[in-house]
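What follows is each chain in one-letter form.
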Amino acid sequence: GKSFPSHNTVEHILPAGQRSTWPSESLTELLIVGTGRIPEAFAQHAASMKWPVRVYGWNLDPVLYPAQAQLETSDADFKNFSVKAGSVVLVASHHKGDHEFIRRALEARASYVGLIASGKRSGLLLAHLRELGLTESQLSKVSAPAGLEMDCRNPTEISLSCLAEIIQLKST
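Residues numbered from 1 in each chain as written. Predicted model: local features only at pLDDT ≥ 70, side-chain atom pairs only at ≥ 80, totals over all residues. Heavy atoms only, no water.

Asker: What am I meant to see in the sheet that holds strand 6 (residues 88-91) here?
Answerer: Strand order across the open sheet formed by six strands is 5-4-3-6-7-8, with parallel pairing between neighbours. In this open sheet, the two strands that pair with only one neighbour each are strand 5 (70-73) and strand 8 (142-143). Alignment of strand 7 (residues 112-115) against strand 8, held across two bridges, turns out to be parallel. Opposite G114, over in strand 8, you have S143 as the bridge partner. Helix 1 (residues 37-48) rests against strand 3 (30-33), strand 4 (53-57) and strand 6 of the sheet, and its axis sits at about 170° to strand 3. (Pairing = 2+ DSSP bridges. Helix = DSSP H or I, 4+ residues; strand = E, 2+ residues; numbered from the N terminus. Contact = heavy atoms within 4.5 Å. Axes fitted to C-alpha atoms, helices over the stretch in contact; angles between N-to-C directions.)

So this is what it looks like as structure tokens:
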């Protein structure tokens, strides 16, 4: 498979038109946070591309995920949530803890952090992260809402939109 370009060669085009550099030399892992149809579809697509996939969520049914995906069940207060530096993180949980997942991903120096949410929810979540003290520089690394701007109507289309955004970023 194709690896990520060498250090500091990928630029992420943010919804506001700002650019931030993607500093990862290779894809450490693709971490999907959440349970449901979007994380399932995204894991299937990413695994078909031979990307290392880990899913962190609740009530994960192994039958619904590719065999090579590592499934990790959340504990009640997310103490077991971890992010490897250089990871691609997709937060698709629609959970009240989404701000915590994003904050920890940024602190761990994830190469990409995407949030599956509406524009309104994305704005509210980013505002909350600002209130918690995250800087504009940190928040510029978050793609919210994640994915290419398309009129997606179902979990498969949403997951493909996010996958396309990541492919676009890694091939730039």
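And the narrative resumes.
Asker: Please clarify how the pattern of salt bridges should be interpreted in this entry.
Answerer: The full count for this structure, using the stated rule, is eleven salt bridges. In this structure, R121 engages D98 in a salt bridge whose closest nitrogen and oxygen atoms are separated by 2.9 Å. Linking R121 in helix 3 (residues 119-131) with D98 in helix 2 (residues 98-107), this pair joins segments that are 23 residues apart in sequence. Here R121 falls in the partly exposed class, since its relative accessible area comes to 25%. Between D151 and R153 there is a salt bridge, and its shortest N-O distance comes to 2.6 Å. Per residue, the accessibility class of D151 equals that of R153, and both read exposed. If you follow the salt bridges from partner to partner, you end up with E29, R54, E72 and K84 in one network. (Salt bridge = Lys/Arg side-chain N within 4 Å of Asp/Glu carboxyl O. Buried < 20%, exposed > 50% of the residue type's maximum accessible area, 1.4 Å probe, protein only.)

Asker: I'm lost on the pairing of strand 3 in this one. Help?
Answerer: The two faces of the sheet receive side chains in turn, since in a regular strand these alternate between them. Side chains of strand 3 alternate between two faces, with L30 and I32 and L31 and V33 buried alike. Considered for its hand, the β-α-β crossover made up of strand 3, helix 1 and strand 4 is right-handed. Relative to strand 6, strand 3 is paired through four bridges, and the arrangement is parallel. The partner of L31 across the bridge, within strand 6, is V89. (Right-handed = clockwise from strand over helix to strand, strands pointing away.)

Asker: How should I be thinking about the side chain of S111 in this particular structure?
Answerer: Checked against the element boundaries, S111 lands in the loop between helix 2 and strand 7. Exposure remark for S111: the relative accessible area of 10% places this residue in the buried category. A polar atom in the side chain of S111 sits 3.1 Å from the backbone oxygen of G86. (Polar contact = N/O pair within 3.5 Å; in protein donor to acceptor, adjacent residues only side chain to side chain.)

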